[in-house]
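Listed below are the residues making up each chain.
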Amino acid sequence: MKHLNIALDGPAGAGKSFLCREIAKHYGLIHVDTGALYRTIGLYVLRLGIDPKDTEKVISSLGSLKLGLEFSEEGQYVTLDGENVNGLIRTTQISEYASDVSKIPEVRAFLLDTQRNIAKEKSVIMDGRDIGTVILPDANVKIFLTARDEVRAQRRYDELIAKGIKTTYEQELNSIVSRDNNDRNRATAPAVPAEDAIILDNSDLDREGTLAAAIKIIDEKIGE
Ligand code: DC
């Protein structure tokens, strides 16, 4: 198969992770979850006791940040100082920290090469917020996956409860709406669709329906 890069952007709770995992399997691609990189920086500043809104402190902490992006049979994992922190970065608090640090242009610049290099070396489906607009502007296919706020909040709530993380639907709805506003309205790399992205709204689709719709879009684009 020729080198293939798929950019899959969209807001929190749209179902990007599941969809990307399935698309990666279907086309034999590596799934790169870029949100995990911002989450790892969120965890890093939390551990240092830094307020994620304190731009100066976050920027100066980047000098000693040892962040790794690794791939195993089970998929991607992220490391902090060599420690696998995949299991620690999915809490609501880390979601908010990640959203705050991701506004800082220096943080985005810090992660740029990691993301571009892996896409250059391998065929990937990369999920995030600015993949189609900034990271991989020449991606073969760009999809912007979205769904209504209430639908996304319910999915996020179900996901966290299933993992044994305590939360409420209202808390997740508030968190998702404020995080989206944060991500969408930031000055650097706002989370908006690329001009040439195909919008896929899956509010009324289940996982299988979403996957089928995405495969149709990809096949039409890459001419299979
Ligand atoms: O996809 P996620 O929920 O794991 O992402 C966590 C936060 O990181 C999200 O609020 C926005 C930010 N993010 C970003 O700014 N750019 C990306 N490419 C991926 C995530």
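As a convention, each chain's residues are numbered from 1 in the sequence order in which they are written. Local features in this predicted model are restricted to residues whose pLDDT is 70 or higher, and side-chain atom pairs enter the listing and the counts only when it is 80 or higher, whereas totals over whole chains, interfaces and linings include all residues. As a rule here, side-chain values come from all non-hydrogen atoms in the structure, and water together with hydrogens is ignored.

**Some thoughts on the overall build of the chain**
Phase 1 of the analysis: Per the convention used, a helix needs a DSSP run of H or I reaching at least four residues, while a strand needs a run of E reaching at least two, with both numbered from the N terminus. Within the chain one finds nine helices and eight strands.
Phase 2 of the analysis: Relative to the compact-globule value of 17 Å for 224 residues, the chain shows a C-alpha radius of gyration of 17 Å, a close match.
Phase 3 of the analysis: On the principal axes, the C-alpha backbone points of the chain span a range of 50 × 40 × 35 Å.
Phase 4 of the analysis: Each residue is placed in one exposure class: buried if its accessible area under a 1.4 Å probe, protein chains only, is under 20% of its type's maximum, exposed if it is over 50%, and partly exposed if it falls in between. Expressed as a percentage of the 224 residues in the chain, the buried residues total 50%.
Phase 5 of the analysis: When contacts within the chain are restricted to residue pairs at least 6 apart in sequence, those whose partners lie at least 24 apart make up 74%.
Phase 6 of the analysis: Charge assignment in this entry is limited to Lys and Arg as positive and Asp and Glu as negative, and neither His nor the chain termini are counted. By convention, the point assigned to a charge is CZ for Arg, NZ for Lys, CD for Glu and CG for Asp. Both charge centroids of the chain, one from 29 positive and one from 36 negative side chains, sit 1 Å from each other. Every radius of gyration here is taken over C-alpha atoms, with the globule rule written as 2.2 Å times N^0.38, N being the number of residues. Residue contacts are defined here by distance: any two heavy atoms, one from each residue, within 4.5 Å place the two residues in contact.

**A closer look at the sheet that holds strand 4 (residues 75-80)**
Two orientations exist for strands paired in a sheet by backbone hydrogen bonds: parallel and antiparallel.
Phase 1 of the analysis: When DSSP finds two or more bridges between a pair of strands, those strands are recorded as paired. As summarised here, the arrangement of the three strands in space is 3-4-5, forming an open sheet in which the pairing is antiparallel. Edge positions in the sheet fall to strand 3 (67-72) and strand 5 (83-84), since each of these pairs with one other strand and no more.
Phase 2 of the analysis: Here strand 3 runs beside strand 4; their pairing, made up of six bridges, is antiparallel. Within strand 4, the residue paired with E70 across the bridge is Y77.
Phase 3 of the analysis: The angle between two axes is taken between their N-to-C directions and runs from 0 to 180 degrees, where each axis is a line fitted to C-alpha atoms and a helix contributes only its stretch in contact. Strands in contact with helix 2 (residues 35-48) are strand 3, strand 4 and strand 5; relative to strand 4, the strand with the most contacts, it is inclined by about 25°.

**Focus on the pattern of salt bridges**
Phase 1 of the analysis: For salt bridges, the criterion is a side-chain nitrogen of Lys or Arg within 4 Å of an Asp or Glu carboxyl oxygen. Applying the stated criterion across every chain yields a total of 15 salt bridges.
Phase 2 of the analysis: A salt bridge links D180 to R152; the shortest N-O distance between them is 2.6 Å. With D180 in helix 8 (residues 169-184) and R152 in helix 7 (residues 149-162), this pair connects stretches of sequence that are 28 residues apart.
Phase 3 of the analysis: D180 sits in the buried class, given a relative accessible area of 4%.
Phase 4 of the analysis: For R156, the salt bridge identified is with E159, shortest N-O distance 3.6 Å. Of the two residues, R156 and E159 both sit in helix 7, three residues apart, roughly one turn of that helix.

**Here we look at the pairing of strand 4**
Phase 1 of the analysis: Linkage of strand 3 to strand 4, two consecutive antiparallel strands, is achieved through a turn of two residues.
Phase 2 of the analysis: Judged from the two bridges that link them, strand 4 and strand 5 form a sheet pairing that is antiparallel. Bridged to L80 within strand 5 is E83.
Phase 3 of the analysis: Where strand 4 hands over to strand 5, the hairpin turn is made up of two residues, of which D81 adopts a positive phi near 50°.

**Things to note about helix 1 (residues 16-27)**
Phase 1 of the analysis: What a helix is expected to span follows from its residue count: subtract one and scale by 1.5 Å. Between its first and last C-alpha atoms helix 1 spans 16 Å; for twelve residues at 1.5 Å apiece the expected length is 16 Å, and the two agree.
Phase 2 of the analysis: If you check which residues of helix 1 are buried, you get K16, F18, L19, C20, E22, I23, A24 and Y27.
Phase 3 of the analysis: Buried residues along helix 1 sit in contact with strand 1 (5-9), strand 2 (30-33), strand 6 (124-128), strand 7 (141-146) and helix 9 (207-222).
Phase 4 of the analysis: Of the residues trailing helix 1, G28 is marked for its positive phi of about 70°.

**Looking at the packing of aromatic side chains**
Phase 1 of the analysis: The rule is short: rings of Phe, Tyr and Trp, with Trp giving its six-membered ring, pair when the centres are within 6.5 Å, and they are stacked under 30 degrees, edge-to-face over 60, tilted in between. As enumerated under the stated definition, the model contains zero aromatic pairs in all.
Phase 2 of the analysis: For R207, the ring lying beneath its charged end belongs to F18, and the centroid distance is 4.0 Å. Placement of a positive charge over a ring is assigned whenever Lys NZ or Arg CZ falls within 6 Å of the ring centre and within 35 degrees of the normal to the ring plane.

**Examining the site of the ligand**
Phase 1 of the analysis: Lining the immediate surroundings of the ligand are 15 residues, of which R39, R108, R129, R179 and R186 lie closest.
Phase 2 of the analysis: With respect to the ligand, the side chain of S102 contributes an N or O atom lying 3.4 Å from an oxygen atom.
Phase 3 of the analysis: For the ligand, an oxygen atom lies 2.8 Å from a polar atom in the side chain of R179.
Phase 4 of the analysis: A total of 440 Å² of accessible area belongs to the ligand in isolation, and the protein chains cover 97% of it. Note on definitions. A residue lies near a molecule or strand when any single heavy atom of the residue is within 4 Å of it. The term polar contact refers here to a pair of N or O atoms within 3.5 Å; inside protein, the definition further demands a hydrogen-donor-capable atom paired with an acceptor-capable atom, and it admits residues adjacent in sequence only when both atoms are side-chain atoms. Accessibility throughout is a Shrake-Rupley quantity obtained with a 1.4 Å probe, and a residue counts as covered only by protein chains that appear here.

**Focus: the packing of helix 1 against helix 9**
A pair of packed helices can be characterised by two numbers: the angle between their axes and the separation between those axes.
Phase 1 of the analysis: It is the contact of helix 1 with helix 9, at a shortest axis distance of 10 Å, that shows an interaxial angle of 50°. One finds that helix 1 runs oblique with respect to helix 9. Crossing of helix 1 over helix 9 shows right-handed handedness. Judged by residue contacts, F18, L19, E22, I23, H26 and Y27 of helix 1 engage R207, T210, L211, A214, I215, I218, D219 and I222 from helix 9. Comment on the angle field: the value is read as roughly parallel under 35 degrees, roughly antiparallel over 145, roughly perpendicular from 65 to 115, and oblique elsewhere. It is the rotation of the near helix from the far one that decides the hand of a crossing: anticlockwise by less than a right angle makes it left-handed, clockwise makes it right-handed.

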